[in-house]
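The lines below spell out each chain.
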Amino acid sequence: IMRKILKITLLASVIGFFASCETRELELLENPNNITVESADPNFVLNDIQLTFRGIASGYSGTATGLTRMRYQFGTYANSVTEQTISGEWQQSYQMFGNIDLLQGINALAEEGDEIPYHVGVAQVLEAYAYMLLVDHAGDVVFSEANNPEEFPNPKLDSGKVVYDAQLALLDDAIANLNATTVKVPQDIYFGDFDPSNWINLANTLKLRAYLNLRLTNPDAARTGINSVLAGGRFINTVDEDFQFAYSNVQNPTESRHPFFTGNYQAAGSGQYMSNNLYDLMNAGDDQPPFIETGDPDPRARYYFYRQTSNEPSGSNLPCEGDASYDYCYVGNLYWGRDHTDDAGIPADNVRRSTYGVYPGGGAFDRDLFEQARAASETMEGAGILPIYLSSQTHFALAEAALTLGTGGGSPASLLEQGIRLSMEKVTNFPTVSTVNPDTSEDFGASNADINAYVSGVLNAFNSANTAGKLNIIARENLIASFGSGTEPYNTYRRTGAPTLQSPIISAGAFPRVWRYPETEVDGNPNITQQPLTNRTFWDNNPAGFID
């Protein structure tokens, strides 16, 4: 999609934005103050687009992980999703769209043989993804009148359906560009050495993602679209095709480590609580709280969570103890966490609470050493990843589609199994640190027997469940495998009402079916009126109160 502006001044604030974000590719950025179509380096522009998308994806995920109980959320939904929550993602998205216009302008003016279809194709994939994310979180968004202030100083909102349809068409344009022949090869911050096949796989996977979201409002189009992508056979299907952003262990001159690491492995100790509900879903604790299936602990638990102490929480470190309003309070097995929306006083337990482990944040593997995270003897030093869209998620999406729409690709059970095994492969092969306790020589890494037992337990439960139960298991496994990124579980929860999650322990208010528009947009544009959290995006036709 070409909008009318082919010249743009890159915002000076981009320097500050990247200085404050964790990346490993900042050396790629050159930063002249004013870039024009005639003078711009397409590699620079595309690097900026790629890095900006990293910030967008990370921003959405931070809030969504709390909403879906993948990490602890403090207080009410209204306090978690405010007029500021989406401000960064909104601003960064439209800044990125402007730079994509610039890149397309460079291509349009290129002499024969100097065209950059690969650069444009990558940018178009990210544009489509970013617009779909805007719709998924805000509903109706600015689109047809975007980034054209001279003609549209107060751009109107377009319906989410119109925007989604346009992005599906844009993905076809992107694939055409990525199938072109050119010697102009871009730098690829996500996949490494550039191969257009990686981006074609992502483009088709985004189609699968979009069609699955359409299954409630247009099941025929969803079924046809998914089967069409499956027939083509080009989508994210294996771990080495996963779409992710890699952090490094570099601190200077720019902080490039994973924020899970910098926020929890520093001198002050852990800055976040893990979710008691997620501990429960993974059978990490030794108690039997309300929602868990019977079975062995999830083999990924020691990779996801790191326990800092061998002492159980009690007394002032467990202020919820004895309060019947808490489902968990403490799940056992030395996992210190918090219940969903618990807004009670927080004890000084930063060096005791369980924290992020080695996957995906590049911290420590839990091998029963019970060292404080800030003093852990072996970590990945923050060289983790931001998982954005993974092959495991592809298979859980296809399992849901096969169950609810009758699409191809395999049976729901076989697709579910593939999703779990792909997640296990990714997580258990991730650490570059030892999984062996040096004092006892016991290896706490997941074995094939552990993984097979887990898969067998899930499939046995799946095969004996009714349709609603099967959907709940698919959604649960998707949520667990998505650890580190809450965007897809947030969509799944609104689309399916699954998995069964802990209810808020306080009166948290209406669950956010969409997020509120940025305050600056509402105040500055008479065509944008603030919306309540109870509004729904166009693909969500589930009733009010469907989820909490």
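Below, the structure is looked at part by part. (Residues numbered from 1 in each chain as written. Predicted model: local features only at pLDDT ≥ 70, side-chain atom pairs only at ≥ 80, totals over all residues. Heavy atoms only, no water.)

### Comments concerning the overall build of the chain
Keep this limit in mind: A helix here means a DSSP run of H or I that spans at least four residues, while a strand means a run of E at least two residues long, and both kinds are numbered starting from the N terminus. Here the accessible surface of atoms and residues is derived via Shrake-Rupley with a 1.4 Å probe, and residues count as covered only by protein chains that are part of the display. Charged residues are defined narrowly, with Lys and Arg counted positive, Asp and Glu counted negative, and His plus the chain ends left uncounted. Where a charge lies is defined by one atom per residue type: Lys uses NZ, Arg uses CZ, Asp uses CG and Glu uses CD.
In terms of regular secondary structure, the chain is built from 17 helices and eight strands. Seen along its three principal axes, the alpha-carbon backbone of the chain occupies a region of about 70 × 50 × 45 Å. For the chain, the accessible surface area stands at approximately 20100 Å², while carbon and sulfur atoms represent 47% of it. A distance of 4 Å separates the average location of the 33 positive side-chain charges in the chain from that of its 65 negative side-chain charges.

### Topic: the pattern of salt bridges
Defined as follows: The salt bridge definition used is simple: a Lys or Arg side-chain nitrogen within 4 Å of an Asp or Glu carboxyl oxygen. Burial classification: accessible surface area is computed with a 1.4 Å probe over protein chains only, and a residue below 20% of its type maximum counts as buried, one above 50% as exposed, and the rest as partly exposed.
All chains considered together, the criterion is met by 24 salt bridges. For Glu488, the salt bridge goes to Arg209, with nearest N and O atoms at 2.8 Å. One end of the pair, Glu488, is in helix H16 (residues 487-496); the other, Arg209, is in helix H7 (residues 196-213), with 279 residues separating them in the sequence. Arg209 matches Glu488 in its accessibility class, with the two residues each being buried. Glu378 is the salt-bridge partner of Arg367, the closest N and O atoms lying 3.1 Å from each other. Taken together, the residues Arg367 in the loop between strand E7 (355-356) and strand E8 (385-389) and Glu378 in the loop between E7 and E8 connect sequence positions 11 residues apart. Each of Asp298, Arg300, Arg476 and Glu477 takes part in salt bridges that share partners, so that together they form one network.

### A few points about the packing of helix H4 (residues 87-109) against helix H5 (residues 117-138)
The axes of two packed helices give the description: the angle between them and the distance between them. Here is the rule: Whenever a helix is involved, its axis is fitted only over the stretch in contact; in every case the axis is a line through C-alpha atoms, and angles between N-to-C directions fall within 0 to 180 degrees. Comment on the angle field: the value is read as roughly parallel under 35 degrees, roughly antiparallel over 145, roughly perpendicular from 65 to 115, and oblique elsewhere. For any helix crossing, the convention is left-handed if the near helix is rotated counterclockwise from the far helix by under a right angle, and right-handed if that rotation is clockwise. Residue contacts are defined here by distance: any two heavy atoms, one from each residue, within 4.5 Å place the two residues in contact. Side-chain classes are defined by residue name, with Ala, Val, Leu, Ile, Met, Phe, Trp, Tyr, Cys and Pro counting as nonpolar, Asp, Glu, Lys and Arg as charged, and the others, Gly among them, as polar.
For the pair H4 and H5, the least separation of the axes is 10 Å and the interaxial angle reads 155 degrees. Considering their axes alone, H4 and H5 lie roughly antiparallel with respect to each other. For the pair H4 and H5, the crossing hand works out as left-handed. Along the contact surface, H4 presents Trp90, Ser93, Tyr94, Met96, Phe97, Ile100, Leu103, Gln104 and Asn107, while H5 presents Pro117, His119, Val120, Ala123, Gln124, Leu126, Glu127, Ala130, Tyr131, Leu134 and Ala138. Partitioning the contact of H4 with H5 into residue classes produces 14 nonpolar, five polar and one charged.

### Quick notes on the packing of aromatic side chains
Spelled out, the test is: Stacked, tilted and edge-to-face pairs are distinguished by plane angle, under 30 degrees for stacked and over 60 for edge-to-face with tilted covering the rest, among Phe, Tyr and Trp rings (Trp via its six-membered ring) whose centres lie within 6.5 Å. We call a charge positioned over a ring when the NZ of a Lys or the CZ of an Arg lies within 6 Å of the ring centre and within 35 degrees of the ring normal.
A complete count under the given rule lists 38 aromatic pairs for this structure. Ring plane angle 50 degrees and centroid distance 6.0 Å describe the contact between Tyr60 and Trp515, whose orientation is recorded as tilted. Residue Tyr60 is found in helix H2 (residues 42-67), and its partner Trp515 is found in the loop between H16 and helix H17 (519-524); the two are separated by 455 residues along the sequence. Since its relative accessible area comes to 0%, Tyr60 is described here as buried. An angle of 90 degrees between the planes, with centres 5.0 Å apart, marks the rings of Tyr131 and Phe143 as edge-to-face. Here the residue Tyr131 occupies a position in helix H5, and Phe143 occupies one in the loop between strand E1 (141-142) and strand E2 (157-158), the gap between them amounting to 12 residues. Pair check on accessibility: Tyr131 and Phe143 agree, each one buried. By way of ring pairs, the aromatic residues Phe260, Tyr279, Tyr304, Phe305, Tyr335, Tyr356, Tyr359, Phe430 and Phe483 are connected into one cluster. Seen from the ring of Tyr335, Arg307 lies directly overhead, with NZ or CZ sitting 5.0 Å from the centre.

### Some thoughts on the environment of Leu479
Topologically, Leu479 is positioned in helix H15 (residues 467-481). In the structure, Leu479 is positioned 306 residues away from Asp173 in sequence and 32 Å away in space, judged by C-alpha atoms. The residues contacting Leu479, other than those within four sequence positions of it, are Thr68, Met70, Leu278, Leu281, Pro489, Pro499 and Leu501.

### Here's the deal with the nonpolar core
So the rule is basically this: Take the buried residues of types Ala, Val, Leu, Ile, Met, Phe, Trp, Tyr and Cys, join any two whose side-chain atoms come within 4.5 Å, and each joined set is a nonpolar core.
Counting 142 residues, the largest nonpolar core has Phe53, Trp199, Phe243 and Phe305 as its most contacted members. A total of 15 residues in this core trace back to one element, the largest contributor, which is H5. Not counting the four nearest positions on each side in its chain, Trp199 is found in contact with Gln50, Val122, Val125, Leu126, Leu178, Asp188, Tyr190, Phe191, Phe194 and Phe243. In terms of nonpolar packing, the next biggest core, distinct from the first, is built from seven residues, Cys320, Cys329, Tyr330 and Ile505 among them.

### What about unusual backbone geometry?
A cis amide bond links Tyr359 to the next residue, Pro360, at an omega of -5 degrees. A positive phi is found at Thr341, a non-glycine position, where the angle reads about 70 degrees. Within the secondary structure, Thr341 sits in the loop between strand E6 (337-338) and E7. We classify Thr341 as buried; its relative accessible area is 0%.

### Some thoughts on the side chain of Asn437
Structurally, Asn437 is set in the loop between helix H13 (412-428) and helix H14 (448-464). Taking the relative accessible area as the measure of exposure, Asn437 reaches 5% and is therefore buried. Filtering out sequence-adjacent residues up to four positions away, Asn437 remains in contact with Arg367, Asp368, Leu369, Glu442 and Phe444.

### Looking at the state of the cysteines
Note the cut-off: Two cysteine sulfur atoms form a disulfide, by the criterion used here, when they sit within 2.5 Å.
Inspection of every chain in the model, using the stated rule, returns one disulfide. For Cys320, the disulfide goes to Cys329, at an S-S distance of 2.0 Å. Linking Cys320 and Cys329, the disulfide has an S-S dihedral of approximately 90 degrees and is accordingly described as right-handed. Neither Cys320 nor Cys329 differs from the other in exposure class; each is buried.

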